[in-house]
Amino acid sequence: SKLVASKAYDGCCFYRSDFVIQMGLTTVDGKKVKNPQARLTVNEAKLSNVRGAVAIAHWDCVRSCGTGCRSHDPDCGGSEFFINLKANVHLDTTWGGYCVFATVADQKSLGVVDAIAKAKKQDKKNILIKKAILVD
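Residues numbered from 1 in each chain as written. Predicted model: local features only at pLDDT ≥ 70, side-chain atom pairs only at ≥ 80, totals over all residues. Heavy atoms only, no water.

Engineer: What's the story with the overall build of the protein chain in this structure? I'm lost.
Structural biologist: Counting secondary structure elements, the protein chain contains 2 helices and 6 strands. Each helix (α) and strand (β) of the protein chain, taken in turn from the N terminus, gives the series α-β-β-β-β-β-α-β. Burial statistics for the protein chain: of 136 residues in total, 38% are counted as buried. Put simply, of all contacts in the protein chain between residues at least 6 apart along the chain, 69% involve residues at least 24 apart. Total accessible area on the protein chain is roughly 8,400 Å²; 57% of this is exposed by carbon and sulfur atoms. (Helix = DSSP H or I, 4+ residues; strand = E, 2+ residues; numbered from the N terminus. Buried < 20%, exposed > 50% of the residue type's maximum accessible area, 1.4 Å probe, protein only. Contact = heavy atoms within 4.5 Å. Areas by Shrake-Rupley, 256 points an atom, 1.4 Å probe, with all protein chains shown as cover.)

Engineer: Where do I start with unusual backbone geometry in this structure?
Structural biologist: With phi around 65°, lysine 7 is a residue other than glycine that occupies positive phi space. Non-glycine residue lysine 124 carries a positive phi angle of around 55°. Mapped onto the secondary structure, lysine 124 falls in the loop between helix 2 (107–123) and strand 6 (127–128).

Engineer: Even after reading the chapter, I still don't get the environment of aspartate 106, so can you show me in this structure?
Structural biologist: Mapped onto the secondary structure, aspartate 106 falls in the loop between strand 5 (100–103) and helix 2. Residue aspartate 106 is classed as partly exposed on the basis of its relative accessible area, which comes to 40%. The spacing of aspartate 106 and glycine 52 is 54 residues in sequence and 8.8 Å in space, taken between C-alpha atoms. Polar contacts involving the side chain of aspartate 106 include one to the main-chain amide nitrogen of lysine 108, which spans 3.3 Å. (Polar contact = N/O pair within 3.5 Å; in protein donor to acceptor, adjacent residues only side chain to side chain.)

Engineer: Explain the packing of aromatic side chains to me, please; I cannot follow it from the model alone.
Structural biologist: Working definition: an aromatic ring pair is given by the centre-to-centre distance plus the angle between the planes. A full pass over the atoms with the stated rule returns 3 aromatic pairs. Measuring from ring centre to ring centre gives 6.2 Å for phenylalanine 81 and phenylalanine 101, while their planes differ by 85°; the resulting arrangement is edge-to-face. Note that phenylalanine 81 is positioned in strand 4 (residues 77–84) and phenylalanine 101 in strand 5, a separation of 20 residues in sequence. Ring centres 5.8 Å apart and planes at 65° place the aromatic pair phenylalanine 82 and tyrosine 98 in the edge-to-face group. (Phe/Tyr/Trp six-rings, centres within 6.5 Å; stacked < 30°, edge-to-face > 60°.)

This is how it looks when you write it as structure tokens:
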């Protein structure tokens, strides 16, 4: 919620669409935006990565080393998150699990998620997020 309140996601994009749609502090042209918040230090995954579940994407390396990782650390999420397009329950345990922190609100909202996924796949372009807001 702090990232949304700070408007950090405004102008960023969804840049991945396969079995999830993923976004974070990346602009449409691929530039990274500095994360104004601290990284997640504890993965408290309690919910499952089912269709519509929203989860923290994490660095799969102890030292965020990019490629060539030798070990994995589930407690290292940050500003990246994804929305599951289908049930991906293997993500509940893969590399320590991906922490689900929210779910898509309803079927209409899932339709929007599917439209983002379809547009990303068809157009091969990153999908702009003009403004991020929290809805209770």
